[in-house]
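# Fold and geometry: a report
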Amino acid sequence: MIAKVIVDVPANQTDRLFDYAIPKEWEEMIEPGMRVVVPFGPRKIQGFVISVAEESEHAKLKEVSEVKDVTPILTKELLDLGFWLTEKTLCYAVSALQAMLPAAMKANVTKTIVLGNRVNDEAIWHRMVSSGGVKWDDFLSHFSHKELNRAIKNDELEVRYDVKEKTAPKTILSVSPALSKDELQVVRDKMGNRALKQQEIITHFIEQEGAVSYKELMDMLDTTRSTIKSLVSKEILREEEIELYRDPYKGREFMPSTALELTDLQEQAIRPILKSINEHHHETFLIHGVTGSGKTEIYLQSIHRVLEQGKEAIVLVPEISLTPQMVTRFKSRFGSEVAVLHSGLSRGEKYDEWRKIHRKEVKVVVGARSAVFAPFTNLGIIIIDEEHESSYKQEENPRYHARDVAIKRGEHYKCPVVLGSATPSLESYARATKGVYTLLELLDRVNKQAMPAVAIVDMREELRAGNRSMFSNDLYDKLKDRLEKKEQTVLFLNRRGYSTFVMCRDCGYVAECPHCDISLTYHKINGTMRCHYCGHEERFPSQCPECESEHIRFFGTGTQRVEEELTKILPEARVVRMDVDTTRRKGSHEKLLNQFGEGKADILLGTQMIAKGLDFPNVTLVGVLAGDAMLHIPDFRASEKTFQLLTQVSGRAGRHLLPGEVIVQSYTPEHYSIEMAADHDYQSFYHREMVTRKQFGYPPFYFLAMVNVSHEELTKTVDVTEKIAGYLKDQLSKQSVVLGPVASPIPRIKDRYRYQCMIKYKTEPNLTHYLKEIQKHFSKEISRGGLQISIDTQPYMMM
DNA sequence: AGCACGCCGACT
DNA sequence: GTCGGCGTGCTC
């Protein structure tokens with residue numbers, strides 16, 4: 001029998017099936033979707049079995065050397081999904097398969113030098129290697145490549161390839177009785193008055209079933225390791241390794257919750273979803289529900305119905321809002337049926353959560369983007385909350401959008417896919433309007449609470465009036481007011497660090513990263529300037545490197561700076577700052593939020609990450625310091641992003657009894673995305689923005705594809721991009737537009753020049769083929785490492 | 001991606 | 001004549 005294998009080598013030339021003979025003893029065992037270790041050239045690597053066949057076109061086949069799984073880790077459905085992804089996103093098949101598994105399962109190949117068949121105990125390395133082998137790197141730090149190669153040729157040394165998993169299941173050493181209960185009784189009675197502690201332990205095992213870990217037993221019976229050990233050596237107890245799940249939510253109690261009574265509106269919205277579940281057919285729904293309209297309850301009750309049918313559910317949540325609050329809601333409703341997958345977990349924890357899904361120990365998974373690949377086999381619903389979020393698009397290979405994958409899986413399982421948002425993406429809303437998706441609207445808040453009043457402050461006027469601080473007078477007054485009333489405020493700024501750039505007031509010099517074409521950001525904590533793209537760091541200069549003036553200052557505002565300013569103007573305010581810098585440590589995210597939730601702070605100041613999902617009853621004021629910060633990014637979605645962000649942030653205020661108020665500061669207050677967000681008017685925004693999209697030929701009117709080229713040399717970069725653009729212009733129809741070559745908005749990162757070419761099209765059935773041709777044509781230059789070409793068939797990042 | 005093989009210039 | 005540099009091509 002032959003195994004057709006995709007090997008774990010992400011390269012153009014190896015992106016195909018390789019045939020291996022299956023040794024007799026494994027013939028019955030090997031199935032598609034299992035991982036195997038195979039010899040590949042002189043080394044050993046991991047691979048995925050795609051299919052099993054009777055024969056091969058190849059005369060001489062090597063044998064599969066190891067089988068890594070007892071049951072397939074990828075089902076037929078997921079294998080097919082992988083190849084669909086490969087085709088759609090133009091990535092290597094391994095990359096697609098790998099993306100569906102937790103990182104811990106990725107193979108880790110280690111090389112060890114061991115003694116060969118011919119004995120040479122004279123050799124200088126003999127003592128080092130003879131004791132069971134030496135790591136490849138360790139050997140080479142003592143001896144040269146030349147010596148190694150010669151010894152290998154002489155059969156005196158050998159290289160052993162070990163293909164291991166990155167993370168193993170966690171185990172704990174436990175003991176269980178080696179004898180029956182009656183026998184234990186007999187043994188205990190024989191002990192008489194001696195070894196009382198040992199008798200206690202035996203008593204425990206007579207009274208209770210099952211294995212217990214050393215630690216538990218020691219705590220429970222107040223005994224010591226050696227007491228247990230002696231029972232083990234007498235063969236009364238037996239040691240065993242028990243597999244353990246790393247439980248990220250260990251020790252936390254989730255108060256069970258039951259279904260809430262739905263409002264009439266919610267009732268209307270959930271009905272078509274339940275119908276789709278009951279009737280077993282695929283349909284994509286878009287719930288357009290304002291913040292606080294009770295979308296989550298609809299999700300929960302839909303899932304409930306799915307579970308009643310014995311099926312499974314996937315809930316996708318943007319990484320950033322996978323807050324403990326969200327997790328709590330699902331855990332309290334569905335208890336231990338829930339697995340959680342997000343980037344805050346350690347690699348091992350993710351692995352364990354994944355195994356719970358794979359072993360069917362859970363029925364619901366709540367997770368970020370990659371949870372869309374959860375290995376369920378009887379899916380009943382897929383929910384994507386905050387559907388418009390750009391984090392559902394993966395910005396590395398495979399460059400997929402979770403929404404597309406969800407719909408693909410929904411079609412396969414004939415189950416509904418529910419997209420939910422207060423500010424749907426234009427793409428989705430347009431599809432809903434056209435009837436491709438079913439639109440469900442929830443335009444009132446559950447508690448009939450009015451939407452918060454939003455005031456826009458023109459910061460140009462503030463300047464004219466002589467206010468040069470980052471807080472408008474209005475915002476300052478309101479902040480003070482809330483402090484007095486002991487109510488809380490959320491302050492939002494889309495920028496971390498201390499300032500945006502460093503400039504000399506005399507000559508206008510701006511500090512830039514020497515490796516990237518981007519200005520450096522000042523970080524006060526250690527007095528350095530940092531590049532957010534390559535991590536380059538340098539000291540803040542005491543004088544201008546150009547004109548030696550001492551008037552070199554930082555401009556713009558970051559969260560650190562705002563925090564400092566706040567303590568100056570409102571010294572009595574207690575501020576919690578949340579950004580990547582303060583939440584880097586595990587669990588700090590949750591800690592800061594709890595602190596604020598328990599009323600230990602008056603102001604929560606933060607970036608993106610506080611924009612969604614937070615629900616604190618005592619928050620009555622939301623301040624957006626730079627409402628237009630996003631408007632000026634070079635991206636056709638800039639207005640959309642601004643509208644979404646402002647709407648999301650405003651939704652944080654007045655969610656309960658106290659009415660909320662929002663202040664948006666802006667230098668361009670008249671922009672429609674800001675005005676319409678202030679009016680909570682999604683409809684008008686949608687229509688207004690669609691006009692622009694149509695006019696400039698962007699989605700949802702046109703499809704996009706983006707080719708990004710980068711190389712160390714500028715001329716080479718331009719040259720290649722020109723060739724690509726020329727080729728595409730020749731091949732594509734006249735209705736399609738090929739833009740470029742143009743320099744990327746950030747023309748250089750990490751000493752590499754970056755150019756791009758964008759394609760706008762309506763129908764282009766062979767586009768994938770042409771793009772593949774481009775990849776093939778430059779594959780040699782790419783594999784040599786000099787040239788990089790990345791192709792995105794659904795770009796979300798224009799930078 | 002690795003890794004071997006082969007060809008070429010620079011050295012013992 | 002030998003070593004090691006890198007360009008080329010293969011991996012079932």
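Residues numbered from 1 in each chain as written. Chains lettered and ligands numbered in written order. Predicted model: local features only at pLDDT ≥ 70, side-chain atom pairs only at ≥ 80, totals over all residues. Heavy atoms only, no water.

### Regarding the overall build of chain A
Defined as follows: Here a strand is any run of E in DSSP of at least two residues, a helix any run of H or I of at least four, and the numbering for each starts at the N terminus. Taken over C-alpha atoms, the radius of gyration is set against a globule rule of 2.2 Å times the number of residues to the power 0.38. Per-residue accessibility, obtained with a 1.4 Å probe over protein chains only, is compared with the maximum for each type, and a residue is labelled buried under 20%, exposed over 50%, and partly exposed between these values. Here, residues are in contact when the closest pair of their heavy atoms is within 4.5 Å. Each accessible area is a Shrake-Rupley result for a 1.4 Å probe, and residues are judged covered by the shown protein chains and nothing else. Positive: Lys, Arg. Negative: Asp, Glu. His and the chain ends are not part of the count. One atom stands in for each charge, and that atom is NZ of Lys, CZ of Arg, CG of Asp or CD of Glu.
Along the backbone of chain A there are 25 helices and 33 strands. For 799 residues, the compact-globule formula gives about 28 Å, and the C-alpha radius of gyration of chain A, at 31 Å, lands near that figure. In terms of principal-axis extent, the alpha carbons of chain A reach across some 90 × 70 × 65 Å. For chain A, with 799 residues in total, the buried portion stands at 50%. When contacts within chain A are restricted to residue pairs at least 6 apart in sequence, long-range pairs at least 24 apart make up 74% of them. As displayed, chain A offers around 37800 Å² of accessible surface, 50% of which is attributable to carbon and sulfur atoms. Where the 108 positive side-chain charges of chain A centre and where its 112 negative ones centre are 2 Å apart.

### Focus: the protein's contact with DNA strand C
Basically, it comes down to this: Any residue with a non-hydrogen atom lying within 4 Å of a molecule or strand is treated as near it. A 3.5 Å cut-off defines polar contacts: any pair of N or O atoms within that distance qualifies, except that in protein one atom must be a possible hydrogen donor and the other a possible acceptor, and neighbouring residues in sequence count only when both atoms are side-chain atoms. Polar here means any residue outside two lists: the nonpolar Ala, Val, Leu, Ile, Met, Phe, Trp, Tyr, Cys and Pro, and the charged Asp, Glu, Lys and Arg; Gly therefore counts as polar.
In the neighbourhood of DNA strand C, 15 residues make up the surrounding shell, with Asp 19, Phe 40, His 58, Lys 62 and Lys 146 lying closest. The sugar-phosphate share of atoms of DNA strand C within 4 Å of the protein amounts to 47%. At a separation of 3.0 Å, a base nitrogen of DNA strand C approaches a polar side-chain atom of Arg 16. Within the backbone of Asp 19, an N or O atom sits 2.7 Å from a sugar or linking oxygen of DNA strand C. Mapped by element, the contributors of at least two residues to the surface near DNA strand C are β2 (17-21) and β3 (35-40). Residue contributions to the surface near DNA strand C peak at three residues, all from β2. A class-by-class count of the residues in the surface near DNA strand C yields five nonpolar, four polar and six charged.

### Things to note about the protein's contact with DNA strand B
Every residue lining DNA strand B is accounted for by Val 9, Pro 10, Ala 11, Gln 13, Pro 42, Arg 43, Lys 111, Tyr 161 and Ser 783. In DNA strand B, atoms within 4 Å of the protein come from the sugar-phosphate backbone in 63% of cases. The contact in question runs from a base nitrogen of DNA strand B to an N or O atom on the side chain of Arg 43, over 3.1 Å. Residue Lys 111 places a side-chain N or O atom 3.2 Å away from a phosphate oxygen belonging to DNA strand B. A breakdown of the residues in the surface near DNA strand B according to their chemical character gives five nonpolar, two polar and two charged.

### Comments concerning the nonpolar core
Note the following rule: The set of buried Ala, Val, Leu, Ile, Met, Phe, Trp, Tyr and Cys residues whose side-chain atoms join them within 4.5 Å is what this entry labels a nonpolar core.
Formed by 87 residues in total, the largest nonpolar core has its most connected members in Leu 74 and Leu 604. Non-local contacts of Leu 604, meaning those with residues more than four positions away in its chain, are made with Thr 489, Val 490, Leu 491, Val 576, Met 578, Leu 593, Phe 596, Ile 610 and Leu 614. Among the nonpolar cores identified, the runner-up in size contains 31 residues, and Ile 277, Ile 287, Ile 298 and Leu 307 belong to it.

### Quick notes on the packing of helix α7 (residues 196-207) against helix α9 (residues 225-233)
Pairs of packed helices are described in terms of their axes, by the angle between the two and the distance that separates them. Here is the rule: Inter-axis angles, ranging from 0 to 180 degrees, are taken between N-to-C directions of lines fitted to C-alpha atoms, where helices are fitted over the stretch in contact. If an angle is under 35 degrees, it is roughly parallel; if it is over 145, roughly antiparallel; if it lies from 65 to 115, roughly perpendicular; otherwise it is oblique.
Between α7 and α9, the least distance of the axes is 10 Å, while the angle of their chain directions is 70°. In terms of orientation, α7 and α9 fall into the roughly perpendicular class. Across the interface between the two elements, Lys 197, Gln 198, Ile 201 and Ile 202 from α7 touch Thr 227, Ile 228, Ser 230 and Leu 231 from α9.

### Description of the sheet that holds strand β27 (residues 603-606)
Condition: In short, DSSP must find at least two bridges between two strands for them to pair.
If you walk across this open sheet you meet the six strands as β19-β29-β28-β20-β27-β26, and the pairing is parallel. Two strands bound the open sheet, and with one partner strand each, they are β19 (453-458) and β26 (575-578). Averaged over all pairs of adjacent strands, the angle between their axes in this sheet comes to 15°, without regard to strand direction. Packed on one face of the sheet, helix α18 (residues 559-569) meets β20 (488-492), β26 and β27 and runs near 155° to β27.

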